[in-house]
Amino acid sequence: MHEISYRGEIRLTRYLDESGAPLGDMPDWACGEQPWVHYYQQMVLARQFDTKAISLQRTGQLGTYASLLGAEAIDVVCASRMQTEDVLVPYYRNHAMQMIRGTPIARLLQYWGGDERGSSAPEMQHDLPNAVPIATQCLHACGVATALKLRQQHQAVLTVIGDGGTSKGDFMEALNVAGAWQLPVVFVINNNQWAISVPRSKQCIAPTLAQKALGAGIRGEQVDGNDAIALHDVVGQALERARAGKGPTLIEALSYRLSDHTTADDATRYRSADELKAAWARDPVARLRHWLHQQGHWDEAREQAWQAETKQLIEAAVADYLALPAQPVDDLYDHLYAECPPTLAVQREQARAKQARHEQGGSGHE
Amino acid sequence: MHEISYRGEIRLTRYLDESGAPLGDMPDWACGEQPWVHYYQQMVLARQFDTKAISLQRTGQLGTYASLLGAEAIDVVCASRMQTEDVLVPYYRNHAMQMIRGTPIARLLQYWGGDERGSSAPEMQHDLPNAVPIATQCLHACGVATALKLRQQHQAVLTVIGDGGTSKGDFMEALNVAGAWQLPVVFVINNNQWAISVPRSKQCIAPTLAQKALGAGIRGEQVDGNDAIALHDVVGQALERARAGKGPTLIEALSYRLSDHTTADDATRYRSADELKAAWARDPVARLRHWLHQQGHWDEAREQAWQAETKQLIEAAVADYLALPAQPVDDLYDHLYAECPPTLAVQREQARAKQARHEQGGSGHE
Amino acid sequence: MNDNAITLLEAVNLALARAMADDPDVVLLGEDIGTNGGVFRATAGLQERFGERRVIDTPLAETMIAGLSVGMATQGMRPVAEIQFMGFIFPAFEHLVAHAARMRARTRGRLSCPMVLRAPFGGGIHAPEHHSESTEALLAHIPGLRVVIPSSPARAYGLLLAAIRCDDPVIFLEPKRIYRASKTLIEDNGQALPLDTCFTLREGSDITLISWGAMISETLDAADRLAAEGVSCEVIDVATLNPIDHATLVASVSKTGRCVIIHEAPRHGGMGAEIAATLGEQARAALLAPPCRVTGHDTLMPYYRNEQLYLPDTDDIVTAVKATMEYVE
Amino acid sequence: MNDNAITLLEAVNLALARAMADDPDVVLLGEDIGTNGGVFRATAGLQERFGERRVIDTPLAETMIAGLSVGMATQGMRPVAEIQFMGFIFPAFEHLVAHAARMRARTRGRLSCPMVLRAPFGGGIHAPEHHSESTEALLAHIPGLRVVIPSSPARAYGLLLAAIRCDDPVIFLEPKRIYRASKTLIEDNGQALPLDTCFTLREGSDITLISWGAMISETLDAADRLAAEGVSCEVIDVATLNPIDHATLVASVSKTGRCVIIHEAPRHGGMGAEIAATLGEQARAALLAPPCRVTGHDTLMPYYRNEQLYLPDTDDIVTAVKATMEYVE
Ligand SMILES: Cc1ncc(C[n+]2csc(CCOP(=O)(O)OP(=O)(O)O)c2C)c(N)n1
Ligand SMILES: Cc1ncc(C[n+]2csc(CCOP(=O)(O)OP(=O)(O)O)c2C)c(N)n1
Ligand SMILES: [Mg+2]
Ligand SMILES: [Mg+2]
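Definitions and limits used
- Residues numbered from 1 in each chain as written.
- Chains lettered and ligands numbered in written order.
- Predicted model: local features only at pLDDT ≥ 70, side-chain atom pairs only at ≥ 80, totals over all residues.
- Heavy atoms only, no water.
- Helix = DSSP H or I, 4+ residues; strand = E, 2+ residues; numbered from the N terminus.
- Rg over C-alpha atoms; globule rule 2.2 N^0.38 Å.
- Buried < 20%, exposed > 50% of the residue type's maximum accessible area, 1.4 Å probe, protein only.
- Contact = heavy atoms within 4.5 Å.
- Lys, Arg positive; Asp, Glu negative; His and termini not counted.
- Charge placed at Lys NZ, Arg CZ, Asp CG, Glu CD.
- UniProt positions renumbered as here; feature names shortened; annotations may be inferred.
- Donors = N, O, S within 2.8 Å, 3.2 Å for Na, K, Ca; no water.
- Domains from an automatic or database assignment.
- Buried area = accessible area lost by both parts, 1.4 Å probe.
- Salt bridge = Lys/Arg side-chain N within 4 Å of Asp/Glu carboxyl O.
- Polar contact = N/O pair within 3.5 Å; in protein donor to acceptor, adjacent residues only side chain to side chain.
- Nonpolar A, V, L, I, M, F, W, Y, C, P; charged D, E, K, R; others polar.
- Core = buried A, V, L, I, M, F, W, Y, C linked by side-chain atoms within 4.5 Å.
- Expected span 1.5 Å × (residues − 1).
- Near = heavy atom within 4 Å.
- Areas by Shrake-Rupley, 256 points an atom, 1.4 Å probe, with all protein chains shown as cover.
- pLDDT = per-residue confidence, 0-100.
- Least-squares fit on C-alpha atoms with pLDDT ≥ 70 in both.

### Some words on the overall build of chain C
(1) Moving on: Along its length, chain C carries twelve helices and 14 strands.
(2) Moving on: In summary, chain C has a C-alpha radius of gyration of 19 Å against a globular reference of 20 Å for 329 residues, a match within 12%.
(3) Moving on: For the C-alpha atoms alone, the extent of chain C along its principal axes is close to 60 × 45 × 40 Å.
(4) Moving on: Looking at the 329 residues of chain C, the share that counts as buried comes to 76%.
(5) Moving on: A separation of at least 24 residues holds for 82% of the contacts in chain C among residues at least 6 apart in sequence.
(6) Moving on: Across chain C, the 28 positively charged side chains and the 41 negatively charged ones have centroids separated by 4 Å.

### Topic: the UniProt feature "domain: Transketolase-like pyrimidine-binding" (unreviewed entry) in chain C
(1) Moving on: If you check UniProt for "domain: Transketolase-like pyrimidine-binding" (unreviewed entry), the listed places come out as residues 6-181 of chain C in our numbering.
(2) Moving on: A helix fraction of 36% and a strand fraction of 16% characterise residues 6-181 of chain C, whose end C-alpha atoms lie 10 Å from each other.

### So, the coordination of the magnesium ion (ligand 3)
(1) Moving on: Every protein donor of the magnesium ion (ligand 3) is accounted for by Asp 163 of chain A (OD), Asn 192 of chain A (OD1) and Trp 194 of chain A (O), and the metal-donor separations fall at 2.0 to 2.1 Å.
(2) Moving on: Look at Trp 194 of chain A and you get buried, because its relative accessible area is 9%.

### Some words on the domain arrangement of chain A
(1) Moving on: Once the domains are mapped, chain A shows domain 1 (12-323) and domain 2 (330-361).
(2) Moving on: With centres defined by C-alpha atoms, the gap from domain 1 of chain A to domain 2 of chain A works out at 38 Å.

### A few points about the UniProt feature "domain: Dehydrogenase E1 component" (unreviewed entry) in chain A
(1) Moving on: According to UniProt, the "domain: Dehydrogenase E1 component" (unreviewed entry) feature falls on residues 41-319 of chain A.
(2) Moving on: With 48% helix and 11% strand, residues 41-319 of chain A has its two end C-alpha atoms placed 22 Å apart.

### Considerations on the side chain of Thr 262 of chain A
(1) Moving on: For Thr 262 of chain A, the position within the fold is in the loop between β8 (249-254) and α10 (273-280).
(2) Moving on: Contact partners of Thr 262 of chain A, with chain neighbours within four places excluded, come to Thr 64, Tyr 65 and Ala 66 of chain A.

### Notes on the domain arrangement of chain C
Residue and element names in this part refer to chain C.
(1) Moving on: Each assigned domain of chain C is listed with its residue range as follows: domain 1 (8-178) and domain 2 (199-325).
(2) Moving on: The centre of domain 1, based on its C-alpha atoms, is set 27 Å off from the matching centre of domain 2.
(3) Moving on: Facing 26 residues of domain 1, the contacting portion of domain 2 comprises 27 residues.
(4) Moving on: Counting each side, the surface lost to burial between domain 1 and domain 2 is near 2100 Å², with a carbon and sulfur contribution of 55%.
(5) Moving on: Its salt-bridge partner being Asp 237, residue Arg 155 comes within 2.9 Å of it at the nearest N-O pair.
(6) Moving on: There are 16 residue pairs in polar contact (both at pLDDT 80 or more) connecting domain 1 and domain 2.
(7) Moving on: Listing elements by their share of the side of domain 1 that touches domain 2, those giving two or more residues are α6 (136-140), β6 (146-148) and α7 (153-165).
(8) Moving on: Of the residues that constitute the side of domain 1 that touches domain 2, the class distribution is 13 nonpolar, seven polar and six charged.

### A short note on the nonpolar core
(1) Moving on: By size, the foremost hydrophobic cluster in this structure holds 407 residues, and its most contacted members are Leu 158 and Phe 187 of chain A, Leu 158 and Phe 187 of chain B together with Ile 89 and Leu 96 of chain D.
(2) Moving on: Excluding residues that lie within four positions of it along the chain, Phe 187 of chain B makes contacts with Cys 138, Cys 142, Thr 159, Ala 174, Leu 175, Ala 178, Ile 218, Pro 248, Thr 249, Leu 250 and Ile 251 of chain B.

### Observations concerning the interface of chain D and chain C
(1) Moving on: Listed by partner, the interface residues are 51 residues for chain D and 51 residues for chain C.
(2) Moving on: Both sides together, the interface formed by chain D and chain C hides about 4300 Å², and carbon and sulfur atoms give 57% of it.
(3) Moving on: A per-residue breakdown of the area chain D buries against chain C is headed by His 141, His 268 and Arg 284 of chain D, which together make up 20% of the total.
(4) Moving on: Linking chain D with chain C are twelve salt bridges.
(5) Moving on: The partner of Glu 129 of chain D in a salt bridge is Arg 106 of chain C, with the nearest N and O atoms 2.9 Å apart.
(6) Moving on: If you look at where chain D meets chain C, you find 26 residue pairs in polar contact (both at pLDDT 80 or more).
(7) Moving on: Broken down by secondary-structure element, the contributors of at least two residues to the side of chain D that touches chain C are α4 (93-100), α5 (103-106), α6 (136-140), β12 (240-242), β13 (259-266) and α10 (271-282) of chain D.
(8) Moving on: If you tally residues by element for the side of chain D that touches chain C, the top one is α10 of chain D, at eight residues.
(9) Moving on: Tallied by class, residues from the side of chain D that touches chain C come to 29 nonpolar, ten polar and twelve charged.

### Let's talk about α10 of chain D
Residue and element names in this part refer to chain D.
(1) Moving on: Spanning twelve residues, α10 covers 16 Å between terminal C-alpha atoms, matching the ideal 16 Å at 1.5 Å per step.
(2) Moving on: Within α10, ten of the twelve residues are buried, leaving the element largely enclosed by the surrounding structure.
(3) Moving on: Listed as buried for α10 are Met 271, Gly 272, Ala 273, Glu 274, Ile 275, Ala 276, Ala 277, Thr 278, Leu 279 and Gly 280.

### Considering the interface of chain B and chain A
(1) Moving on: Contacts between chain B and chain A engage 43 residues on the former and 43 residues on the latter.
(2) Moving on: Carbon and sulfur atoms supply 53% of the area buried between chain B and chain A, which totals about 3600 Å² over both sides.
(3) Moving on: Area buried by chain B at its contact with chain A is led by Met 1, Tyr 6 and Ile 205 of chain B, which between them contribute 20% of it.
(4) Moving on: Scanning the region where chain B abuts chain A turns up four salt bridges.

### Here we look at the site of ligand 2
(1) Moving on: If you check the shell around ligand 2, you find 22 residues, and the closest are Tyr 91, Tyr 92, Arg 93 and Asp 163 of chain B together with Glu 62 of chain C.
(2) Moving on: One chain alone does not account for the residues near ligand 2; they come from chains B, C and D.
(3) Moving on: Tyr 91 of chain B is positioned with one of its side-chain polar atoms (N or O) 2.6 Å from an oxygen atom of ligand 2.
(4) Moving on: With respect to ligand 2, the side chain of Glu 62 of chain C contributes an N or O atom lying 2.5 Å from a nitrogen atom.
(5) Moving on: When ligand 2 is considered free in solution it has 580 Å² of accessible area, and contact with the protein chains removes 98% of it.

### Observations concerning the confidence of the model for chain A
(1) Moving on: Looking at chain A, pLDDT values average 97 and 99% of them are 70 or higher.
(2) Moving on: Element-level mean pLDDT values for chain A span from 94 in helix α14 (residues 342-359) of chain A up to 99 in strand β4 (residues 185-191) of chain A.

### Notes on the coordination of the magnesium ion (ligand 4)
Residue and element names in this part refer to chain B.
(1) Moving on: Here the magnesium ion (ligand 4) is held by the protein donor atoms Asp 163 (OD), Asn 192 (OD1) and Trp 194 (O), which lie 2.0 to 2.1 Å from it.
(2) Moving on: Mapped onto the sequence, the residues coordinating the magnesium ion (ligand 4) show the spacing D-x28-N-x1-W. With Asp 163 in the loop between β3 (157-162) and α6 (169-180) and Trp 194 in strand β5 (residues 194-195), this pair connects stretches of sequence that are 31 residues apart. For the pair shown, Asp 163 and Trp 194 are each scored as buried.

### Regarding the relation of the copies chain D and chain C
(1) Moving on: Take chain D, turn it by 180°, move it 0.0 Å along the axis, and it overlays chain C with an RMSD of 0.0 Å. In the structure described here, the two chain copies are related by an operation that fits a two-fold rotation axis.
(2) Moving on: When the interface residues of chain D are mapped onto chain C, 100% of them again lie at the interface, so the same face is used by both copies.

### Points about the site of ligand 1
(1) Moving on: Taken together, 22 residues are adjacent to ligand 1, and Tyr 91, Tyr 92, Arg 93 and Asp 163 of chain A together with Glu 62 of chain D come closest.
(2) Moving on: In this structure, ligand 1 is bordered by residues of chains A, C and D.
(3) Moving on: Between ligand 1 and Val 132 of chain A, the relevant distance is 2.9 Å, taken from a nitrogen atom to a main-chain nitrogen or oxygen of the residue.
(4) Moving on: At 2.5 Å from a nitrogen atom of ligand 1 is found a side-chain nitrogen or oxygen belonging to Glu 62 of chain D.
(5) Moving on: Tallied by class, residues from the shell around ligand 1 come to ten nonpolar, six polar and six charged.

### Regarding the relation of the copies chain B and chain A
Both copies of the chain are related by one operation, a rotation about an axis with a shift along it.
(1) Moving on: Mapping chain B onto chain A calls for a rotation angle of 180° and an axial translation of 0.0 Å; the resulting RMSD is 0.0 Å.
(2) Moving on: Comparing interface residues between copies, 100% of those in chain B also lie at the interface in chain A; the contact surface is shared.

### Some points on the pattern of salt bridges
(1) Moving on: Per the stated rule, a full pass over the model turns up 99 salt bridges over all chains.
(2) Moving on: The partner of Arg 302 of chain B in a salt bridge is Glu 33 of chain B, and the shortest N-O contact between them spans 3.4 Å. Pair noted here: Arg 302 of chain B is in helix α12 (residues 300-323) and Glu 33 of chain B is in the loop between β1 (2-13) and α1 (36-58), with a separation of 269 residues, a long-range link.
(3) Moving on: A relative accessible area of 31% places Arg 302 of chain B in the partly exposed class.
(4) Moving on: Residues Asp 224 of chain C and Arg 202 of chain C are paired through a salt bridge, measuring 2.7 Å at the closest nitrogen-oxygen approach. Here Asp 224 of chain C is found in helix α8 (residues 215-228), whereas its partner Arg 202 of chain C is found in strand β9 (residues 199-202), with 22 residues between them in sequence.
(5) Moving on: A relative accessible area of 43% places Asp 224 of chain C in the partly exposed class.
(6) Moving on: When its relative accessible area of 25% is taken as the criterion, Arg 202 of chain C is described as partly exposed.
(7) Moving on: One salt-bridge network, held together by shared partners, links Lys 354 and Arg 357 of chain A together with Arg 225, Asp 313, Asp 315 and Asp 316 of chain D.

In C-alpha cells, the structure reads:
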C-alpha cells in the first residue's frame, strides 16, 4: 500500500527571450531605466576586462586566467543585489562581482598575475578570496553565514559554484547544513554547461541542478542566467529572504561558457563550433542591450561613449597593475603564521640570499 | 515569468499497522506461509545473536559491539531478497545480512572480538567487509556496481547506511554517480532516527531522507522498516530493476534504534524513556509474529521450538568462537602487501620477539 | 571545585569552559558534543552552560565541520571543532590543507583562520578499527598548521587555552589512552602555555628521551627504571610538532650526546624521522650514538586483540636506551 | 611509431595503452580524461582507441573517484584513476588511507585493492594556486600504499606498467615540470621496472646525491658541474618512496661517506627526513658528514611569480655538496 510522503517542484524564471524581447507583460519594476542601464554598463566593463586579461595572458603579462565570458549577467546582478555588509564567497570566475564590490581592477590582475597581494586589498572587506578547490567555497559560505547568524547580524552570504562543482560532496553537505540550520546563504550555480571538457549531462542525470535543493529541504529554483531581469528578481528575493532569516536558497542560473575553460584550455578539442554559435545567440550582454534599445534607454551614441570610457578605465588599471612593485621575498615567510617561527626565520634568511643571487643573474632554475 | 521545470515525489509503502494487522486488502503474494515464516525465524535468530553478543561484550569476551536491535526486518529481508551473486556492501550494523549470506556466526563474533580474520571467511565471497568510516561504503558499492556493469554481469549491489550517514558527502556523491551511470545498485537507509546522540531532525530539515534521490535524478522511496512485507515488496523490486539494467534506487527504511548506539554508549543520556517505549510498540519482530499468528502460520509451540533451536545454534557458534586459535603475529605483517617488503620483514622479526616476551609474561604495556 | 585534581579529559573540558566564558567568539561544534557531551565526555555540561548556539551538534560530515570552521574563522570567530576520532579526520583534510593553513598567507593577512580542530588519537583503549591511529605526521608536514599534543592534565589545560587564543589554525590531538590515566591539581587561572616550546619533564645527563602524547607515560616509566640502573635520562615532551622547537632538543642532545625518540605512529616518515634528521644535522658533533627511534611498525594498527603488540612499550624503550648507551663507534 | 623518442608524458600514455591492451580489467577514470585526453594530454587518444567504457570521464568529485576505484578493485578490476592535480587529492584521502591501504589486510587476503591513482605534482609550470604542491610525504607515511615517482620517460613507462600490474594500491605521482623536458627512445615491449628498488643513475665515489621526481634534473646538472670541479657524485633516484629501498641508499652512502638529499616538498617532516634518519642509523659508521637536506621551505609554494624562489635549484645543490664535502668533525 502506497501513499505520497513528499512532493517537490522547481520553477524557472525568465522575462526576456533570446532577442531581448519580453516573453509576456513585464512587471512594473522592470520598466524604468535603472538599474538596467547600470547593469548593462557593468556587463560591458566586465567583458572588456575579460578581453584585456586574455590579451595580457597571451602576451606573457598574466598567468593562466579563467574567463567570465557568458557569465556577465550573473556576476553583475548578483554583486549589485548584494549589500556592502553582505559577504561574497566567490569561486575563480567572479571577477566582475569582485570589481563591483570594490576590489580595484589592478588587484584582480595582480591575483591572476601570480601575486598573493591580489587578495589582500582592504576594499575586499570580509569577502573571501577566490576558491580554487572546487566546491569548498560552499562550506565556507555556510561558515560565514553561521557567524552572521550567531552574531545576529541580518546580512546574507552569496556564493557561486559551477555545474561541475555540484557533483562534489562539499556542495551537497553545504546545502544540507544550510537547510538544517536555516542559514542566511544564497548558493548560485553558474551552470555554464561545461566543466572543462565534461558536459553538464555527464555530471548528473537529473533534469535540473536546482533540484539538488530538495534533498536538503531548501528552496531551489532555476533562472535564465542570460536574462538580467530574471536574475534581478530571483537573486534579489533570495538575498532578501536570507537577510530576513527565512533560510537559504539554491539558484541554478542557466548560462553558457562562451570561452575556453581557461587560457590553458582549448575547447575546440571537445565541443562543436555549432554549439558555441548557438550559445552566442543567447549572449547576455547583447540581450540586455537589445532590451534597453527597445525601451529607449540606450542608443548607439551612449554605447560608443561607454565603450570608450570603459576602455580608458581598463587601460589605466592595467598601467597600475604593471607598475605594482615586486613582492618582497619576506612576504612568503611573514604571513604564514601570525608570527614567523624561528626555523622559518632561518629559511627566510636563506631565501633573501637566494633572491639576491637571482637578482644578480645567478644561474636560476631551468 | 515562471514555469515549472521539474516535479518529483516520494511514496511510502506499508502493509501492516503497528499491531501486525493489515492496513488494507493484502496482495496475493503476501498471503502464503513463505517467505514470511522464514523471515520471522531469521529475525528471531538475529535478535538472539544480538543479545548474545551484548552479553559477551559485557563479560569481556567481545569488544565494542553495534547492536542491530530494531533493524531485524531490514537486515533479514534485504539479505533474503539478494541473490548469491549479488554483492553486499554493508555498514557496521548488518550482522544478520552477513549471517544470511553465509558468514559463519563464529566469524562475525571473531570480527567484533578484535580479530581481522573475522572478515576473511571464504563464504563472504566478494561481499565487502564492514565499513566503519561513515558513508564510504556507498561509493564502494558504486565501484562494485561499475565493475558488474562493465563486465555485463546482470547482478545487483546492495548497500546500507544510517540516517546520520546521509549528511556525508560520500553518500550524495554516490547517489549522483549511480544516477549518471545508471548503476545496478540499491541504497538502503536504515533510518533508525538517531546517529549516536543526534536525532534525525538535526541531520536534515527535509521531511524525508528518500528525497535526496531526487537531486541525483534517481528513484527514491520510503518504506516502513518495521514491516517485513513492505520491505519484501520494495527491496525486491529495486533489486530486480537494478539487475535488469533499469538503474539505481534509494530506499529509506523507517526504523528505530532500540538499543544504545554501541555497547560503549549510554542512550539514556540523550533520549527519553517515553520515546523508546513508543518505539517498542513498533518492534518489527513482534509485528511479524502477530501477523503470522493472525494468518495461522505460527503458534506458541513453533515459537518455543524455534527459540530453543536458535539458542542452541548460537551457543554452538559461541563455543566455536571461543575456541578459535589466536592470530599468528605474522598475520599483522604478511597481509599488508601482496608480498612483505624487506623493512617490514625486519619489523616482523621484532614483533615475533616481542610476542614471545609477552607470552613469557614480560612486562607489557600498562 | 576548580581546584580539584582532574584528569586530562577534564582539563580539556575546563579549558573549553574557560575559553568560552572569556570570549563570546569561541564556539564549539562537532558530532555528539551537545546533549551527549562528546563520546568521551570532553564537552560534558558545556551545552547546558553555554547554550545550543555555542555548543553545536552538527550533521554527520567531517568535511563540513572543517569547512564551516574555516568560514567562521575568516569572520573572526574562534570555532573549536571536534573530530570524534582522528581516524575520521581525512574528510577534513582538504579544508585544513588547502584553506585553513593558507587563509592568512593567501590574503597576506587580510583574513586569518583562528580555528582549533580537536581530535582524540592513538591506541590502547580496545576500540574498533579506525579508532586507534596516530597520523600526526600528516598534519605536522603542512606549513601553516600548528600541531599540538598535550601529555598531562596541566599541559592539556594550558595548551588548549593557547590553541584557542592563537591566531593560527591549530590541530589539537588528545591522547585518549591517557584521558583518564592520572589526576593533577589544576588551578583554573586562565593561564596558557606556550605553543613554541618543548617541555623538559625531567632533567638528565646520559641520554635524552624525546616523545609526545600517551607515550610520555611509558617514556617516564622507562626513565624511572633506567634511573634505578644508573642511567640518567632527560625526558622531553615535544608537545608542539609544528612549528617544532628544535632548539630545545638540539641543546639537550648536545648535552647528553645520546637520544631515543619514541612515538606510536608508524616509523616510516613519522615525526621521529624529522627529529632524528635535525639532530643529525645540528647536534652531529655531540652525538655519541645515532638517534634511535622506538616507534609503531610500518603496518596497520591491528584490531584490539593485538594492539599491545603494536604499541611500543616500556621494555622497548629500555632496550633501545641500553643499546644506545652501549653504542661505540 | 612505438620506437620514437618520447617524453615522460608520452611514456605515461604509452604505458596506459599497453596495460589496457594487455588486460581488459584495466579501466581508466578521472576528470577530463576522455575526449579531452586529460588537461596535460596524458590520456590523449585512449578513449578513441578503447572506448567510453574503458576510459571514463567521471563527475567532478575526487572522493568519488577514489571510492569507486576501491570498489572496482575489490572485484578484481584494475582501475587507474587520475586526480587532475595533486593539490586536489585531499578529498580522496579517506578512501586511500582508510580503505585502499587496508582492504587486503582487513580481509586477510580475501579481497585486495589493485588500483593505481595517478596525479601530476610539483611546481615550476607557472600554474595557479594548488597546482604546484609536492605532498608525497603524506602518502608515503601510510602503511599499505605504494608511492612511486618516475623521473624519466623510461622509468615512467616501466614503473607505471609495474604499478598497474601490482596487486597493491599504488599512488603514481608524475613530475609535471619534466612532462615534456626531454625525449628518450622507448621500446614498447611491455617490460615493467621493479617497484622495490632505487635507481642508481650515475656512479660516483665522493658523495651520494639522493632525490626523486623533477629534482632529478637539477641533481644531475649539479653532478655534472661538480664533476668538472673534481667531485665525483653518485646519483640515486629513490623512485619508490614507500616501501622504500633503504638498502641501496645505505650501501651507497656507506661507500661515499657523504650525502645530500634533495626534494621540492617542505623540509619539515618531508621524506628527506626519513632518509637522513635511516642513514644516520644504518650508515653511521661510514658517515663523514651529516646527511644534508636541500628542500623546499616550510612555507607555502608561492603563486607563480615567486615559484623559482621556492624551488631548490642547481646552485642550492652545488652549495650543499661543497659544504658537505668540506665538513670536518
Ligand atoms: C577539487 C578540484 N578538483 C579539480 C579541479 C580542477 N578543475 C578546475 S576547474 C574544473 C572544472 C569546473 O567546472 P564547473 O564547476 O562547471 O565550473 P566552471 O569552470 O565551468 O565555471 C576542474 C575540474 C579543482 N580546481 N578542484
Ligand atoms: C566518518 C566517520 N565519522 C564519525 C564516525 C563515528 N560514528 C560512528 S557511528 C556514528 C553515528 C552513525 O549514525 P547513523 O548514520 O544514523 O547510523 P546508525 O549507527 O544509527 O545505524 C558516528 C558519528 C565514523 N565512524 N565515521
Ligand atoms: Mg561549468
Ligand atoms: Mg541512525
